[in-house]
Amino acid sequence: MTLPLSATLLAASTSSGHTLPPSWTVLPFVALLLCIAVMPLFAANFWEHHYQKVALGLGLITAGYYFFILHDAPAVLHSMTEYLSFMALVVHSSSSPAASISA
C-alpha cells in the first residue's frame, strides 16, 4: 500500500522528532509568487519601486513565526546560511570565464 505524499512527509517528520509547520506558513510564498506574476501587469510602477520591501516583509512573516512562535531561531539561521552559500555559488559561477564563453 502506498501512502500519499503528505502522509509520508508526516510520518518522516514525526519519526525524526520534528513536526511539520502549519500549512498556512506557505501563504507568504504563494503571495510572493502571485505578486511576481500579477503586480508588473496591474501596478508596474508600485512593483518596480517596492518589490524588495514586499519580498522582505513576506519573508519576515515566516521568519517571525519561527523566531517568536516556535522559538526555533537555529532553523532560520541554518536556512539563511544555506541560502547565502547558494547565492555565493551562483555569483561565483556567473563571474567565471567559462560562464561568459558559453553565454
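In the block above lies the structure referred to throughout.
In this text, all values refer to a predicted model and were calculated from it rather than measured experimentally.

Engineer: Residue-level account of the packing of aromatic side chains, with values.
Structural biologist: Applying the stated criterion to the full structure yields 4 aromatic pairs. Ring geometry for Phe67 and Phe68: centres 6.3 Å apart, planes at 45 degrees, overall tilted. Given the relative accessible area of 33%, Phe67 is considered partly exposed. According to the relative accessible area criterion, Phe68 is exposed, its value standing at 64%. Members of the aromatic cluster, connected to one another through ring pairs, are Trp24, Tyr65 and Tyr66.

Engineer: Outline the environment of Pro40, listing residues and values.
Structural biologist: Position of Pro40 among the secondary structure elements: in helix H2 (residues 27-42). Among residues more than four places away in sequence, those in contact with Pro40 are Cys35 and Trp47.

Engineer: Can you explain unusual backbone geometry? Please cite residues and give values.
Structural biologist: For His71, which is not a glycine, the phi torsion comes out positive at approximately 55 degrees. Looking at the secondary structure, you find His71 in the loop between helix H3 (44-69) and helix H4 (73-94).

Engineer: Break down the side chain of Thr25 for me, with residues and values.
Structural biologist: Note that Thr25 resides in the loop between helix H1 (5-15) and H2. With a relative accessible area of 14%, Thr25 lands in the buried category. A polar atom in the side chain of Thr25 sits 2.7 Å from the backbone oxygen of Pro22. Contact partners of Thr25, with chain neighbours within four places excluded, come to Thr62 and Tyr65.

So, how was this worked out
Residues numbered from 1 in each chain as written. Predicted model: local features only at pLDDT ≥ 70, side-chain atom pairs only at ≥ 80, totals over all residues. Heavy atoms only, no water. Phe/Tyr/Trp six-rings, centres within 6.5 Å; stacked < 30°, edge-to-face > 60°. Buried < 20%, exposed > 50% of the residue type's maximum accessible area, 1.4 Å probe, protein only. Helix = DSSP H or I, 4+ residues; strand = E, 2+ residues; numbered from the N terminus. Contact = heavy atoms within 4.5 Å. Polar contact = N/O pair within 3.5 Å; in protein donor to acceptor, adjacent residues only side chain to side chain.

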